[in-house]
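Letter by letter, the chains look like this.
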Amino acid sequence: MQNELKWRGLELLKNGTIDRILGWRAGQFVYDITPDVFTDPEDLEKNFVYNEFCGANLSKYLIAESAKEGKVAVFLKPCDTYSFNQLCTEHRIHRENVYVIGIECYGKVSVDALRQRGIDGITGIRSEMGSLKIDTIYGEESVPAMEVYAERCRNCKSKKHVVFDELIGADGEVVDDCDRFDMVEKLEQMSAQERFEFWRGELSRCIRCNACRNVCPACSCEKCVFDNPKSGVLNKAAADSFEENMFHIIRAYHVAGRCTDCGECSRVCPEHIPLHLLNRKFIKDYNELYGDFVAGESVGQMSPVADFTTDRDAEPSVVQKGGDQ
Amino acid sequence: MQKIGVFVCWCGSNIAATVDVKAVAEAARKVPGVVFSADYQYMCSEAGQGLIKDAIKEHGLTGVVVCSCSPRMHEATFRKAVQAVGLNPYMLEVANIREQCSWVHKDMATATEKAIALMQAAVAKVTLNTPLTAGMTPVTKRALVIGGGIAGMQTALDIADAGYEVDIVEAKPTIGGKMAQLDKTFPTLDCSSCIVTPKMVEVGQHEKIHIYSYSEVTQIKGFVGNFNVTIKRKARYVDEAKCTGCGACTEKCPSRKAPNEFNMGLNNRTAVYIPFAQAVPKVATIDPEYCIKLTKGKCGACAKICEAGAINYEAKDEYIEVEYGAIVAATGFEMIDVSPYDEYAYTQSPDVVTSLEYERLMNAAGPTGGHLLRPSDGKEPKTIVFVQCVGSRESCSGGEMRGKPYCSKVCCMYTAKHAMLTKDHYPDTDIYVFYIDVRTPGKNFDEFYRRAVEQYGVHYIKGAVGKVTPEGGKLKVQASDLILNEQLHIDADMVVLAGAIEPNKSARPLATMLTASMDTNDFFTEAHPKLRPVESPTAGVFLSGMCQGPKDIPETVAQAGAAASKVIGLLAKDHLVGNPCVAHSDEWMCNGCSQCETVCPYGAITYEEKEFRMPDRTTKVRRVAQVNPAVCQGCGACTVTCPSGAMDLNGFSNAEIMAEVDALCR
């Protein structure tokens, strides 16, 4: 797959279809991969990498890249295409400057899941018939792929590319029977106190590194409220640790209706906080209150709460008081 | 630093009995920024306003908080007062310590604590307030009346007589509405069409009134003084300008199976039709569902006979856009579908009819030429049972409600009328009226009803009809007499159901287009139930007739005139002072995501590409939101939708609201 992508990229660069290509650059370690823009074919040939660790969603980088002169190609996995469409809907990506290469994807590996199984010193990875062969400095290991995939891949919502200019590999289907809301349901069934304890337990680990915000394709404000002195919350000393936790709740509200559930927030969290659950709660609520809605499914579709329409009854049919307090 | 004055109103004992107003004034003096506070019996009085004015002058106040009733009551009063002494009117805030405090609490300590919190919130807000100046918008001097029944006609006539252009949009091929279908009117028993048709003619001939019959409103944009309305002119396949209304086509038309709406479907009409003799405009309309030419492609009889050449089978729906300054909803009513009331056998026997059908059976222009004949066999009925409140005054205790909770108001009176008219023409008829209560408030109403009972010998029975069974050409009516506490069995020839009145089905989508509010029964709500009964809470939208609630003809006409006077008051102005509390976007923060544009109900937001000079001296072109302040109504939908916080509302800025919340949570 890596070579296929690389050769196609080189071809496009050389024949002048594109000026730049957004992909993944190899790092010091095989799992240490950085999204980057390649303009030099030689650089691309030497440093481009695509493997089971290339989880990063490249859509967000297009906000800056597509605003520049010339055309940029980008490799997008099925789930990334939803983010791409959502950003197009929000007029953040100059579509005419982008050449989308959709790539087939079965799932991406969480390096933490490997480490939890005691696999360390990783030097290579390849997939073979549903299992992963991992080269380490201690020898080769084999693990069932499903067990070490990231949570978002185990509960993959769609293998279908909602947008592409060309496709490498096959296009899949939307996964109708995915279990991504199971944990949300469990949380809903908890008492308010239990839920509060759960989230306190998770969110208290937050070190406010801002990685979740910085990676999130929906968090693309010109000026983030948390960076804005006028907002009144910038560098504000927290009165208690709960106030600090509010960061994530505010962020979830900000991306509600625009979050495509790409799962990047949880992927990058150094404290392994399941941040995607906050977003999924909103997605589930939207589905239940307004009918099924998938952000980024197509360009131009507005979230049910960000759309003024006279066609349907504007008021949700269900109004529930939160919690059982 | 602001210098704020706080003025606490007693409102007689309305506030002072539950809130320690002195303590509130005392507490105000301790709030940072407050330099003066006072309490007074009636702040809204001349003397109270004087107190505020003097304090502004004496202490150089830059902001004023009045703790009193709801701002809906006296905000305008106090704004004018502060403006009179040179303070910007938007530097005033009202803390509602009456409706939201003293009226809802009993305990003085609690109420006082809450009043202090509300005062503190208002002070926190006014501290951040900035002077605002309202813009002016011109007024389009043309009114739109939606619905051409008696309500719409009267409103249109009154507005037109004042010299303003009025358009009536009527869904049916003719104006006249339900009143044109009625036989006689209570309590005078004068002929309904004799009094409504001259009105129709007057409307039709008025040089200031234009009728769009067979038309519908499909889109409304804009705001008070400047509405832009799209009207769909349904294809009637007859050129209105050419048709002379001679009726030759209706005689020639071979398709004669279309139910006649004017006679409540009791007889049939031709596919090309003029609803009734006095229709205005007197123009034929082709019913595309029944026209042989339009359905099968062959026929053309009407086109051949028409000397004016008015028939056009190729006609299409047309859409026109017109500008209006004011809109009046006069969409009227319908009778509910009584068929779900299976116990009355409406669907089982043609002799069970609704009151409106009975009205047509009595009418000289009706299907029987005014001779009361029962629909099944064309014989004169000898025993008639009237059932009141079919679907009216229902309660939802004990399961699902089939009908309406309200009283339809006109049924008691028209049933007395039906009973008397029937007795007049056929004195040997036995008439029973089953009722819950007989409601006859109104001039000469009770006398009218008593005449039915005392003079005409109509049997009024307090009780309910349990079941109607068609059997052997009769209607077996099983009923209970609640006063005598006995079961009754009546062999009736006809049963007449006084079905509940409900708003016309077109009202709900219209309300959405108008952003006007409705109650749960789909009646339009008034801006104030007592003091602004003909205005909708949406500026520039007025209410006339049954669309606001059940009422009889004189009430409808009175309300129609009242709505017209409100419209005239609006159109008489050359300019409207706008609302300065409009949204604006911080272009440096705007992402250009378009969410505000899509949530804006008024179409006030557009996007522009702008060049930004960045800190590193490069130029960046960005797509940013622009608000048209003349169109913005200050609803604030954009400010809460904006993910980046770029949108803000003058007078209700995010910072001001947060300051209020912070003050309340302190």
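Residues numbered from 1 in each chain as written. Chains lettered and ligands numbered in written order. Predicted model: local features only at pLDDT ≥ 70, side-chain atom pairs only at ≥ 80, totals over all residues. Heavy atoms only, no water.

Draft legend 1. A look at the overall build of chain B. Each helix and strand in chain B was counted, giving 18 helices and 34 strands. When the 666 residues of chain B are sorted by exposure, 55% land in the buried category. For chain B, the proportion of contacts with a sequence separation of at least 24, taken over those separated by at least 6, is 68%. Summed over all atoms, the accessible surface of chain B reaches about 29100 Å², with 52% contributed by carbon and sulfur. Computed over 68 positive and 75 negative side-chain charges, the inter-centroid distance for chain B is 2 Å. (Helix = DSSP H or I, 4+ residues; strand = E, 2+ residues; numbered from the N terminus. Buried < 20%, exposed > 50% of the residue type's maximum accessible area, 1.4 Å probe, protein only. Contact = heavy atoms within 4.5 Å. Areas by Shrake-Rupley, 256 points an atom, 1.4 Å probe, with all protein chains shown as cover. Lys, Arg positive; Asp, Glu negative; His and termini not counted. Charge placed at Lys NZ, Arg CZ, Asp CG, Glu CD.)

Draft legend 2. Structural view of helix α15 (residues 553-571) of chain B. Residue and element names in this part refer to chain B. Over its 19 residues, α15 extends 26 Å from the first C-alpha to the last, a length consistent with the 27 Å expected when each residue adds 1.5 Å. Taken together, the buried positions of α15 are Thr556, Gln559, Ala560, Gly561, Ala563, Ala564, Val567, Leu570 and Leu571. Elements that come into contact with the buried residues of α15 comprise β6 (142-146), α6 (150-161), β18 (326-329), β29 (541-543) and β30 (575-577). N-cap assignment for α15: the residue whose side-chain oxygen lies 3.1 Å from the backbone N of Glu555 is Asp552. (Expected span 1.5 Å × (residues − 1). Polar contact = N/O pair within 3.5 Å; in protein donor to acceptor, adjacent residues only side chain to side chain.)

Draft legend 3. Main features of the state of the cysteines. The final tally for this structure, using the stated rule, is 1 disulfide over all chains. Through a disulfide, Cys191 of chain B is tied to Cys194 of chain B; the S-S separation comes to 2.4 Å. Here Cys191 of chain B and Cys194 of chain B share a disulfide; its torsion about the S-S bond, 85 degrees, makes the bridge right-handed. Not part of a disulfide, Cys221 of chain A finds its nearest cysteine sulfur in Cys224 of chain A, a span of 6.5 Å. Classification of Cys221 of chain A as partly exposed rests on a relative accessible area of 24%. Free of any disulfide, Cys246 of chain B has its nearest neighbouring cysteine sulfur in Cys249 of chain B, separated by 6.1 Å. On the accessibility criterion, Cys246 of chain B (59% relative accessible area) is exposed. (Disulfide = S-S within 2.5 Å.)

Draft legend 4. Structural context of the domain arrangement of chain B. Segmentation of chain B into domains returns domain 1 (4-128), domain 2 (142-328 + 509-571), domain 3 (334-502) and domain 4 (583-650). Distance between the C-alpha centres of domain 1 of chain B and domain 3 of chain B: 58 Å. (Domains from an automatic or database assignment.)

Draft legend 5. Summary view of a nonpolar patch on the surface. A cluster of nonpolar side chains, namely Phe652, Ile657 and Val661 of chain B, defines an oily patch on the protein surface of about 240 Å² accessible area. Take Phe652 of chain B: it is sitting in the loop between β34 (647-649) and α18 (654-665). (Patch = residues over 30% accessible without salt bridge, like charges linked within 9 Å, V, L, I, M, F, W, Y side chains within 5 Å. Salt bridge = Lys/Arg side-chain N within 4 Å of Asp/Glu carboxyl O.)

Draft legend 6. Fine view of the pattern of salt bridges. All names here are of chain A. Counted by the stated rule, this structure contains 67 salt bridges over all chains. With a closest N to O distance of 2.6 Å, Asp36 and Arg25 form a salt bridge. Here Asp36, found in strand β2 (residues 34-38), pairs with Arg25, found in strand β1 (residues 20-25); they are 11 residues apart in sequence, far enough to count as distant. Put simply, Glu264 and Arg267 hold a salt bridge, and the shortest N to O gap is 2.8 Å. Taken together, the residues span about one helical turn, with Glu264 and Arg267 both in helix α12 (residues 264-268) at a distance of 3 residues. We classify Glu264 as buried; its relative accessible area is 0%. Put simply, Glu188, Lys281, Lys284, Asp285 and Glu288 are held in one network by salt bridges that share partners.

Draft legend 7. Representation of the domain arrangement of chain A within the structure. Residue and element names in this part refer to chain A. Per the domain assignment, the segments making up chain A are domain 1 (1-108 + 158-179), domain 2 (109-148) and domain 3 (180-325). One C-alpha centre belongs to domain 1, the other to domain 2, and the line joining them spans 24 Å. The interface of domain 1 with domain 2 comprises 7 residues on the first partner and 13 residues on the second. Roughly 720 Å² of surface becomes buried between domain 1 and domain 2 when both sides are summed, with 68% attributable to carbon and sulfur atoms. Across the domain 1-domain 2 interface, the total number found is 0 salt bridges. Summed over the shared surface of domain 1 and domain 2, the number is 2 residue pairs in polar contact (both at pLDDT 80 or more). Split into classes, the residues belonging to the side of domain 1 that touches domain 2 amount to 3 nonpolar, 2 polar and 2 charged. (Buried area = accessible area lost by both parts, 1.4 Å probe. Nonpolar A, V, L, I, M, F, W, Y, C, P; charged D, E, K, R; others polar.)

Draft legend 8. How the structure looks around the confidence of the model for chain B. Summary statistics for chain B give a mean pLDDT of 95 and a share of 100% for residues scoring 70 or more. Across the whole predicted complex the pTM is 0.71, and at the interface the ipTM reaches 0.84. (pLDDT = per-residue confidence, 0-100.)

Draft legend 9. The packing of helix α12 (residues 411-425) of chain B against helix α13 (residues 445-455) of chain B, seen in detail. Residues and elements named next belong to chain B. Look at α12 against α13: their axes get within 9 Å of each other, and the N-to-C directions meet at 40 degrees. Relative to α13, the element α12 is oriented oblique. Regarding α12 and α13, the two cross each other, and that crossing is left-handed. In contact with Met413, Ala416, Lys417 and Met420 of α12, α13 contributes Phe445, Phe448, Tyr449, Arg451 and Ala452. Here the residues of the contact of α12 with α13 are counted per class, giving 7 nonpolar, no polar and 2 charged. (Axes fitted to C-alpha atoms, helices over the stretch in contact; angles between N-to-C directions. Parallel < 35°, antiparallel > 145°, perpendicular 65-115°, else oblique. Left-handed = near helix turned anticlockwise from the far one by under 90°.)

Draft legend 10. Quick peek at the interface of chain B and chain A. Across the boundary between the two partners, chain B contributes 21 residues, which contact 18 residues of chain A. Carbon and sulfur atoms make up 57% of the area that chain B and chain A hide from each other, which totals about 1600 Å². It is Asn591, Thr598 and Pro643 of chain B that lose the most area in chain B upon contact with chain A, and together they represent 30% of the buried surface on that side. In this structure, the connection of chain B to chain A is made through 2 salt bridges. Put simply, Lys620 of chain B and Glu222 of chain A hold a salt bridge, and the shortest N to O gap is 3.7 Å. Scanning the region where chain B abuts chain A turns up 6 residue pairs in polar contact (both at pLDDT 80 or more). If you list the elements that add at least two residues to the side of chain B that touches chain A, you get α16 (595-599) and β33 (619-627) of chain B. Class assignment of the residues belonging to the side of chain B that touches chain A gives a composition of 8 nonpolar, 9 polar and 4 charged.

Draft legend 11. Representation of the nonpolar core in the model. In this structure, Trp24, Phe84 and Leu114 of chain A are the most contacted members of the largest nonpolar core, which totals 51 residues. Mapped onto the domain boundaries, this core takes at least three residues apiece from domain 1 (1-108 + 158-179) and domain 2 (109-148) of chain A. For Phe84 of chain A, the contacting residues outside a window of four places in its chain are Ser59, Leu62, Leu76, Ile93, Arg95, Val98, Val100 and Val163 of chain A. If you look at the next biggest cluster of nonpolar residues, it comprises 43 residues, including Val6, Ala25, Phe78 and Cys101 of chain B. (Core = buried A, V, L, I, M, F, W, Y, C linked by side-chain atoms within 4.5 Å.)

Draft legend 12. Up close: unusual backbone geometry. All names here are of chain B. The omega torsion of the bond from Phe186 to Pro187 falls at -5 degrees, within 30 degrees of zero and hence cis. Mapped onto the elements, Pro187 comes out in the loop between β8 (184-185) and β9 (190-191). Here Met264, not a glycine, exhibits a phi torsion of approximately 55 degrees, which is positive. For Met264, the location among the structural elements is in the loop between β13 (258-259) and β14 (268-269). Its identity as a non-glycine residue notwithstanding, Cys299 has a phi of 140 degrees, on the positive side. Among the secondary structure elements, Cys299 is positioned in the loop between α9 (292-296) and α10 (301-305). Accessibility expressed as a relative area gives 33% for Cys299, which makes it partly exposed.

Draft legend 13. Molecular detail of the pairing of β18 of chain B. All names here are of chain B. Burial of β18 is two-sided: the residues Ala326 and Val328 facing one way and the residues Ile327 and Ala329 facing the other way are all buried. By the bridge criterion, 4 bridges tie β6 to β18 in an arrangement that is parallel. Within β18, the residue paired with Ala143 across the bridge is Ala326. Across 3 bridges, the pairing between β18 and β29 is parallel. The partner of Val328 across the bridge, within β29, is Phe542. (Pairing = 2+ DSSP bridges.)

Draft legend 14. Structural context of helix α11 (residues 241-255) of chain A. Restricting attention to buried positions, one finds in α11 of chain A the residues Asn245, Phe247, His248, Arg251, Ala252 and Val255 of chain A. Positive phi appears at Gly257 of chain A, one or two residues downstream of α11 of chain A, with a value of about 85 degrees.

Draft legend 15. The arrangement of the sheet that holds strand β22 (residues 430-435) of chain B in detail. Residues and elements named next belong to chain B. Reading across from one edge, β20-β27-β21-β22-β23 is the order of the 5 strands in this open sheet, with parallel pairing throughout. Since the sheet does not close on itself, it has two edges, and those belong to β20 (352-354) and β23 (459-462), each with one partner. Taken over all neighbouring pairs, the strand axes of this sheet differ in orientation by 20 degrees on average, direction set aside. Pairing of strand β21 (residues 383-390) with strand β27 (residues 494-499), which is carried by 5 bridges, proceeds in the parallel orientation. Residue Val390 lies in a different strand from β27, and its bridge partner there is Gly499. The strands touched by helix α11 (residues 355-362) are β20, β21 and β27; relative to β20, the strand with the most contacts, the crossing angle is about 95 degrees. Running over the sheet, α12 touches β21, β22, β23 and β27 and is turned about 170 degrees from β21.

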